Amino acid sequence: MRIVLSTQLVLILSVLPLMGLAGDGTSVYRGHLVIGPEVEVFKPCGANTDYWLDVDLVSRNALAERYMKLVKGAYDGVFVVFRGSLGPQLDCGFCEHYPGSFKVTETLELRSSGAGDC
């Protein structure tokens with residue numbers, strides 16, 4: 001039994017770097033981003049929940065500018081790959097409607113949504 005558990009642990013530890021885990025506690029997440037009036041949310045692939053975007057103002061403005069070039073209108077979704085981490089519910093007007101947040105540390109990819117994104 002001890003050998004089996006050790007083998008499983010070795011397998012898990014060898015897969016972690018492939019999942020994008022960084023030393024700073026962030027991971028790589030793929031999913032869909034929606035930005036519009038009073039909405040800035042990220043829904044990771046496979047998740048049932050939207051998370052309020054938690055990003056610094058300079059990065060947020062750059063992200064919104066790139067987003068607007070890809071969509072036809074507010075609330076259209078785009079595919080995104082972020083490095084970041086899930087966080088708690090934030091205490092701000094509209095974000096209080098979401099059970100958690102997503103802290104963005106880096107935008108790795110942003111493009112129009114397509115079949116097979118997730």
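The preceding data block contains the structure.
Residues numbered from 1 in each chain as written. Predicted model: local features only at pLDDT ≥ 70, side-chain atom pairs only at ≥ 80, totals over all residues. Heavy atoms only, no water.

Our focus in this paragraph is the overall build of the protein chain. Of regular secondary structure, the protein chain possesses two helices and five strands. Across the 118 residues in the protein chain, those meeting the buried criterion constitute 31%. Considering only intrachain contacts with a sequence separation of at least 6, the fraction spanning at least 24 residues in the protein chain is 62%. Summed over its atoms, the accessible surface of the protein chain is roughly 7500 Å², and 58% of this surface lies on carbon and sulfur atoms. (Helix = DSSP H or I, 4+ residues; strand = E, 2+ residues; numbered from the N terminus. Buried < 20%, exposed > 50% of the residue type's maximum accessible area, 1.4 Å probe, protein only. Contact = heavy atoms within 4.5 Å. Areas by Shrake-Rupley, 256 points an atom, 1.4 Å probe, with all protein chains shown as cover.)

It is worth spelling out the environment of F42 at this point. Mapped onto the secondary structure, F42 falls in strand 2 (residues 39-44). According to the relative accessible area criterion, F42 is buried, its value standing at 0%. Sequence spacing of F42 and F82 is 40 residues, and the spatial spacing of their C-alpha atoms is 9.6 Å. Filtering out sequence-adjacent residues up to four positions away, F42 remains in contact with Y29, R30, G31, H32, T49, D50, Y51, L53, V80, F82 and F102.

Spatial strand order, 1-2-3-5-4: five strands in a closed barrel with mixed pairing. Ignoring which end each strand starts from, the neighbouring axes of this sheet average 55 degrees apart. As paired strands, strand 3 (residues 51-54) and strand 5 (residues 101-112) are joined by three bridges and run parallel to one another. Looking across to strand 5, one finds that D54 is bridged to K103. Contacts from helix 2 (residues 57-70) reach strand 1 (27-36), strand 2, strand 3, strand 4 (77-87) and strand 5 within the one sheet, and its direction differs from that of strand 5 by about 30 degrees. (Pairing = 2+ DSSP bridges. Axes fitted to C-alpha atoms, helices over the stretch in contact; angles between N-to-C directions.)

Another aspect to go through is the pairing of strand 1. When you tally the buried positions in strand 1, you get seven out of ten residues, the bulk of the element. By the bridge criterion, eight bridges tie strand 1 to strand 4 in an arrangement that is antiparallel. Note on strand 4: the bridge partner recorded for R30 is V81. Across six bridges, the pairing between strand 1 and strand 2 is antiparallel. Looking at strand 2, one finds that V34 is bridged to V41.

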